[in-house]
Amino acid sequence: MAHEEAVEVKKRIREIALKIKRDMEMGRFPKIRYPPNTSGNIEFSEEEGYVFSPRVYSEIRGSRLKSLKTLAGILYGMDKALDHLENGLTMTKRDFYYIHKIERLKGTLFPKDQRETDSRIVLMELVLGLPREAISITSDPRGWIYGDIELTDRSGRTIRADQVGEMGYSVPPRPENIKFGRIGVKAVVAVEKVGPAKNMIELGIPEEHGIAVAILKGQASRSMRRFLRMLSDKGVPVAILTDLSPWSIRIAATVVYNSISSAHIPGLAAPEARFIGITTGDVETGFFSDYRFALEPLTQMDLKAAQDNMRLPNLQHPFWQEENRWFLEKKKKAELEIFKAMSPSARELKGLFVEYLRQKLDENLGIAI
Amino acid sequence: MAEREVQLEQISAADFFYRNKALAGFDNPVRATYTIVRELVENALDACELARRPPRITVFMTRSEERVDGRGTIYRLTVSDNGIGLDPSDVPAAFGKVFVSSKYRLMQSRGTFGLGGTMALLYGQITTNMPFKVTTARDGGPVEEFEMKIDIKRNEPIVLKRRRLADACDESFTRVEMHFEGSYGKARRKIVEYLRQTAIVTPYADMLFVDPDGVPYLFVRSTDVIPPLPREAKFHPKGVDLEILMRLISTTKTRTLVTFLTTHFQRVGSKTAREVVRLAGLDPIKRPRNLTDEEIRALFRALRSYPRFLPPDASILSPLSPELLEEGIKKELRPEFVKAVQRPPSVFEAHPFIVETALAYGGELRPTGEIQLYRFANRIPLLYDVSSDVSYAVARRIDWGNYGLRSLEEEPVALFVHIVSTKIPFKTVGKEFIANKPEIAREIELGLRICARELKSFLHRKRRAEMARARYEAFARYYELISEVVEDLTGERPPVEKILSKVRPPAGVKKNGS
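Residues numbered from 1 in each chain as written. Chains lettered and ligands numbered in written order. Predicted model: local features only at pLDDT ≥ 70, side-chain atom pairs only at ≥ 80, totals over all residues. Heavy atoms only, no water.

Things to note about the domain arrangement of chain B
Interface size is commonly expressed as the accessible area that is lost once the parts come together.
Residues and elements named next belong to chain B.
Then comes step 1: In terms of domain boundaries, chain B breaks down into domain 1 (2–219), domain 2 (237–305) and domain 3 (322–457).
Then comes step 2: Each side of the interface is counted separately: domain 1 has 24 residues, and domain 3 has 26 residues.
Then comes step 3: Our enumeration of links across domain 1 and domain 3 arrives at three salt bridges.
Then comes step 4: Note that Arg 379 is salt-bridged to Glu 49, the shortest N-O span being 2.8 Å.
Then comes step 5: With nine residues, helix α5 (residues 184–201) is the single largest residue contributor to the side of domain 1 that touches domain 3.
Then comes step 6: Among the residues forming the side of domain 1 that touches domain 3, the class breakdown is 11 nonpolar, five polar and eight charged. (Domains from an automatic or database assignment. Contact = heavy atoms within 4.5 Å. Salt bridge = Lys/Arg side-chain N within 4 Å of Asp/Glu carboxyl O. Helix = DSSP H or I, 4+ residues; strand = E, 2+ residues; numbered from the N terminus. Nonpolar A, V, L, I, M, F, W, Y, C, P; charged D, E, K, R; others polar.)

And the structure:
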């Protein structure tokens, strides 16, 4: 399985190398054509989120010095990535940076800082049309899922995601190969913050109400987004629960629509997923309307983010626009920890969580728990 | 009366020097060591130029066993030249008598002609009480050796021994051997630097110096071309001071004021002479020697204020020529670039002068953190007080950034300024730096700017070529790397030569002047 993948990646990389070899033998300056991830090549729709549809192409040309460095850089990067892939090794972006910090590359690719090699990773993705994970460059894994979901991953073991420790199953960097078995949950609730998510698990809510809890820990990682999309494709409804803040609606929107910076990586958007809260309605007239005293003020940075949000393509829907305008008007935000302000005692907290989730899952996904 | 004054001055000259050593550069043992070498070398060079031969000068300095009262070190110095030599009968007067400078003549000369050499001998005698030796031959004449002292009180030579070494000699030469108390250790740097700079401004001279430690310093000539001798000329009427005017009047053989003026001055015809005399309110046919002091002053004022004299004749000056200056710089400093120019003659205070400037860059030159300014006056290097010199002031005020240089201190660049004149306006009696005369400063600046423009375009070409080379080398490095990686991926190593042939750098920068 992993081997087949490596064969395909190797074929693509070899093709590029052969073309460059031919050009050099002919005395022609080699060049590589690729679709850049510029706005002209990215489309947006509510149905699919960000979609990479190349119309414009760029060339990395061996006739210009700056471009030549890029050419040598991606070729060297692909060679090393392939070496890792064939030997079953992964590397982080930091590792990738360090494989450039070698004597042989002084005067050529020896990097000034990691930004140099990071941007080349994106270029490699664009040239190969593959996510960096496909060529063994992975992020530190981030994101867990807890609930009655059976799956088999690269390790070959079959796992139930509510039987592998208190945080659940840690989503691996490259979840593509995961095969799902029996899925015993009615929905997945993806929670931005670790604290409230862990509380839900600790209170036994997944088991009692047949849901899974996904812990995003901030912005959802690529692997987590891919994993949620896979669950969504399996027919599992996905709900997203975040703070009510200018940053959090971006987090929610990224799970639903993907982001511009990774628009060229397919399969990261989960358009069927639904944002369930915290919404401005919850604060103004709904669940938290009696607890407005627990709101936090927006910082300058928050306000700036809210202003920028007005222009983001994936936040143009009237719903998001309305939500975002609220920040600009009220200059407030609500955090998931507001549940603690409502219920200092553990017993009450569980009731509040369940009541909120029941209401919201029903409203947004038509699911009764 | 006036005749008598001149006489008195001559008699006291040796004594005068004895009492005023500092004025002539003998104020301490280190400075004296340097000055002695310098004076004898300059005399030797002058003798050779009179002979119109490329100079061949040897300077040997050894520590002598002799000590005076166990004080400083005694050195023996021998300086030989292949110059015109002397008729033996002239030797005692030429070396054993201190002359007041030959001020009746107006001529570009290295120093106060001949005087400095005698002062050096005198200093040796004062500090060691030892005689000096002169050996010379002229034009196939006999070779004679004199052992002499100077009678300081009477300013007379004392010949202790005179020997005929040969009845005839094929060559002319002079060799002076003397002892003096000095300090070579601290003078070494200055002496060697003096010789090196002399070699720059005298590229047609061979010079060998062997110092007391036995270290040889050899300066080999790179050309046979000798610049023409400066010619003597009469004074320009605006260039005389009252002292000279009185002396001319006291010695003239002319019988009327008008003929006195037309005979002893340049640019004065009889019409001009009459106008000057009328301006002075004097009788044109008055006998010059009968003028009263008051009348002499009136004549002097008239010479100063008369507005229609032609500018002084500069054709008597003998600059080095840009070619020779470049030659000297190249052979001693081996720069990558050198450019010298000669400015047209100009005048300050009725003295004609010519400025020659040069700039050298790169090669074996290194930045020193200081302005590297070489100054020459009438073909002698000036080594002291650089920061007080007019050339230094000019160098500082030029905006070198406009010529592609960051700063003179941080770049491998050297400046050269050579001034020739019948009167170099030295600022002090030490004769080490030149006063900031606006006329001279202007010519130095224009000269340096011309050189700088040349340097700018050289640097531009050089930097462009360097950029092209750097670009080519970068291409080579990247394609080598690509070739290696492609081999790793495909098993075959593509050649880099074909592709690199498409990024050949332009031909290397042309070295200037070679």
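Overview of the environment of Ser 53 of chain A
All names here are of chain A.
Then comes step 1: Along the polypeptide, Ser 53 turns up in the loop between β3 (49–52) and β4 (58–61).
Then comes step 2: Along the sequence, Ser 53 and His 264 sit 211 residues apart, while their C-alpha atoms lie 8.3 Å from each other.
Then comes step 3: The residues touching Ser 53, leaving out its near neighbours within four places in the chain, are Asn 41 and Glu 43.

Some words on the interface of chain A and chain B
Then comes step 1: Counting residues at the interface gives 30 residues for chain A and 24 residues for chain B.
Then comes step 2: Carbon and sulfur atoms make up 71% of the area that chain A and chain B hide from each other, which totals about 2500 Å².
Then comes step 3: The interface formed by chain A and chain B contains two salt bridges.
Then comes step 4: With its nearest N and O atoms 3.6 Å apart, the salt bridge here joins Lys 21 of chain A to Glu 492 of chain B.
Then comes step 5: Connecting chain A to chain B are seven residue pairs in polar contact (both at pLDDT 80 or more). (Buried area = accessible area lost by both parts, 1.4 Å probe. Polar contact = N/O pair within 3.5 Å; in protein donor to acceptor, adjacent residues only side chain to side chain.)

Considering the domain arrangement of chain A
Residues and elements named next belong to chain A.
Then comes step 1: Taken as a whole, chain A is organised into domain 1 (2–135) and domain 2 (144–365).
Then comes step 2: In this structure, domain 1 and domain 2 have C-alpha centres spaced 33 Å apart.
Then comes step 3: Taken together, the 20 residues of domain 1 in the interface contact 18 residues of domain 2.
Then comes step 4: Between domain 1 and domain 2, the buried area comes to about 1700 Å², and carbon and sulfur atoms account for 56% of it.
Then comes step 5: The tally of links from domain 1 across to domain 2 stands at two salt bridges.
Then comes step 6: Residues Arg 222 and Glu 133 are paired through a salt bridge, measuring 3.5 Å at the closest nitrogen-oxygen approach.
Then comes step 7: Viewed at the interface, domain 2 and domain 1 are joined by six residue pairs in polar contact (both at pLDDT 80 or more).
Then comes step 8: For the side of domain 1 that touches domain 2, the class distribution of residues is 10 nonpolar, three polar and seven charged.

Side note on the sheet that holds strand β13 (residues 274–277) of chain A
Residues and elements named next belong to chain A.
Then comes step 1: One open sheet accounts for six strands, arranged β8-β5-β11-β10-β12-β13; its pairing is mixed. Each edge of the open sheet carries a strand with a single partner, namely β8 (169–170) and β13.
Then comes step 2: Pairing geometry for strand β10 (residues 187–191) and strand β11 (residues 211–215), over five bridges, is parallel. The residue of β11 that forms the bridge with Ala 190 is Ala 214. (Pairing = 2+ DSSP bridges.)

Some words on the packing of aromatic side chains
Then comes step 1: By the definition in use, this model includes 29 aromatic pairs over all chains.
Then comes step 2: Here the guanidinium or amino end of Lys 190 of chain B rests over the ring plane of Tyr 384 of chain B, the centre of that ring lying 4.1 Å away. (Phe/Tyr/Trp six-rings, centres within 6.5 Å; stacked < 30°, edge-to-face > 60°. Lys NZ or Arg CZ within 6 Å of the ring centre and 35° of its normal.)

Quick word on the nonpolar core
Burial of nonpolar side chains together is a common tendency in soluble globular proteins.
Then comes step 1: The biggest cluster of nonpolar side chains holds 77 residues, and the ones touching the most others in it are Ile 145, Ile 149, Val 189, Leu 228, Leu 241, Ile 278 and Leu 357 of chain A.
Then comes step 2: By size, the runner-up hydrophobic cluster in this structure holds 53 residues, among which are Tyr 34, Leu 75 and Met 91 of chain A together with Leu 500 of chain B. (Core = buried A, V, L, I, M, F, W, Y, C linked by side-chain atoms within 4.5 Å. Buried < 20%, exposed > 50% of the residue type's maximum accessible area, 1.4 Å probe, protein only.)

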